[in-house]
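The residues making up each chain are set out below.
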Amino acid sequence: MQNHHRKSPSFVSTGIPIVGGAIVALSLLWAFWPMISFSFTSPNPISFKTGVDSATPGGLGGSGGLGGSGGLGGSGGQGFNFNLTHDPPESTFYDDPNLTYTIEKPITNWDQKRREWLWLHPSFIPGLETRVMLVTGSQSTPCQNPIGDHLLLRFFKNKVDYCRIHGYDIFYNNVLLHPKMFTYWAKIPAVRAAMLAHPEAEWIWWVDSDAAFTDMDFKLPLHRYKNYNFVVHGWPELIYKKKSWTSLNAGVFLIRNSQWALDFMDVWAGMGPQTPNYEKWGELLRKTCKDKFFPESDDQTGLVYLILKEKEKWGNKIYVEDGYYFEGYWMEIVGKLENITEKYNGVEKRVRKLRRRHAEKVRGAYVTTWEEYLKGAGYGREGWRRPFMTHFTGCQPCSGTHNEQYSRQGCWDAMQKVLNFGDNQVLRSYGFVHPSLGDSGSVVPLPFDYPA
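Residues numbered from 1 in each chain as written. Predicted model: local features only at pLDDT ≥ 70, side-chain atom pairs only at ≥ 80, totals over all residues. Heavy atoms only, no water.

1. Considerations on the confidence of the model for the protein
Point 1. Per-residue confidence for the protein averages 86 on the pLDDT scale, and 82% of its residues sit at or above 70.
Point 2. Counting contacts from residues 1-78, a segment whose pLDDT is below 50, to residues more than four positions away or on other chains yields 215 contacts. (pLDDT = per-residue confidence, 0-100. Contact = heavy atoms within 4.5 Å.)

Below you can see the structure in the form of structure tokens.
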């Protein structure tokens, strides 16, 4: 996959049962104790081994290919019952008046604080290692583009659909959690606050508002990232040899809920507009990445800088994913969608099991079979496997101030096709599909045994 990403300040959106009491909590903890082992050596990933086999149908995660085959599940998971009514009186980090959610004040001993909270809430321990929470957001005011709010709603629906299918929690933020950290910098305070609000989540997944899931069955290959704390889409050669500011895209990233992450975000945010060194960072980043054409310090070039200049401290824990469309450039993807649909329909015509109607909750039962027929499909530009995520870098659906190399109509038509492509995979479980990727308002019922 070639790098066609063009991300600049004008490209980024601006924006069940009740169990009470400490005695019961401790009893549950001791019940789980033989199965639990803890590893909290910062900055290494936190590891909670719960005795749940991730390769079993009741477990989370998967084995084998990139998409995994161990079934769907996540925050709620399959086979796990969270006790949402149990919050014992013992003190936790939430009771510390000196701990703040704001970006200005560093947090220390976060791994230990998380561990102590989990000890008191043991129902959240099974499945912890693969629990993901998605965070996204937009500006607090109405979009300038007349159809911008409609588009943001559709992009959000797309993310909600994906999270529901995989059992992930999702948080949509539409306010600045730091008044001076605007545009692309706004995501760092949101991600940091999400870590504190959700100590039960191992991974926080930031996804820009203008990115859409285009493979609803693909599951994050978390086993690839077990020794890393940060995942971003990019091209290592362009980072290390070309030192290009577009060698990665910071609009979608996965970050482990850990002390390492909090420390990293403190350093990363230190390049932002809320700091007195904002202009100096802009100059330094332009010197580092010669192709950066605007003077302001930005999060994306800042990330490239930290990978290049502080590799031992930060870069060695950052996984630059170039093996699949962790996020893909929309111009590279849109023209392939009809052909991809035909290819998938062709597989279903040959394999009756894949045509079988089923409940949305058990669609994971078909992932393993699909993987058998997608082995040679390929993940990149030349392949016909569904791209995992399509990112409309440069289209600016909310403001409408798109990159000059695109037309407004071109962006709109492409967004419709991508969103309907993802929506068809969801509607299939409800017995309908859009007959045309360019027609968002129409659906048709599917006949039995479609597409035989």
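Alright, that's what it looks like, and here's the rest.
2. Examining the packing of aromatic side chains
Point 1. For the structure shown, the criterion picks out 39 aromatic pairs.
Point 2. Look at F156 and Y172: their rings are 4.6 Å apart centre to centre, the planes differ by 70°, and that puts the pair in the edge-to-face class. Here Y172 lies in strand β4 (residues 169-173) and F156 lies in helix α3 (residues 148-166), a separation of 16 residues in the sequence.
Point 3. Taking the relative accessible area as the measure of exposure, F156 reaches 25% and is therefore partly exposed. (Phe/Tyr/Trp six-rings, centres within 6.5 Å; stacked < 30°, edge-to-face > 60°. Helix = DSSP H or I, 4+ residues; strand = E, 2+ residues; numbered from the N terminus. Buried < 20%, exposed > 50% of the residue type's maximum accessible area, 1.4 Å probe, protein only.)

3. Focus: the nonpolar core
For soluble globular proteins, nonpolar side chains are generally found buried alongside one another.
Point 1. In this structure, M195, I204, F230, I255, F264, W268 and L303 are the most contacted members of the largest nonpolar core, which totals 54 residues.
Point 2. When residues in this core are grouped by element, the largest group, seven residues, is from helix α6 (residues 259-269).
Point 3. By size, the runner-up hydrophobic cluster in this structure holds 29 residues, among which are Y325, L337, V351 and Y366. (Core = buried A, V, L, I, M, F, W, Y, C linked by side-chain atoms within 4.5 Å.)

4. Thoughts on helix α2 (residues 110-120)
Point 1. Counting buried positions along α2 gives eight out of 11 residues, so the element sits mostly inside the fold.
Point 2. What α2 keeps buried is the set W110, D111, K113, R114, R115, W117, L118 and L120.

5. Concerning the environment of R355
Point 1. The topology assignment puts R355 in helix α11 (residues 352-355).
Point 2. Separated by 97 residues in the primary sequence, R355 and A452 have C-alpha atoms spaced 7.8 Å apart.
Point 3. Ignoring any residue separated from it by four or fewer positions in sequence, one finds R355 in contact with E348, K349, R350, R428, D449, Y450, P451 and A452.
Point 4. Within the structure, R355 has its side chain in polar contact with the backbone oxygen of K349 (distance 3.0 Å).
Point 5. Within the structure, R355 has its side chain in polar contact with the side chain of D449 (distance 3.1 Å). (Polar contact = N/O pair within 3.5 Å; in protein donor to acceptor, adjacent residues only side chain to side chain.)

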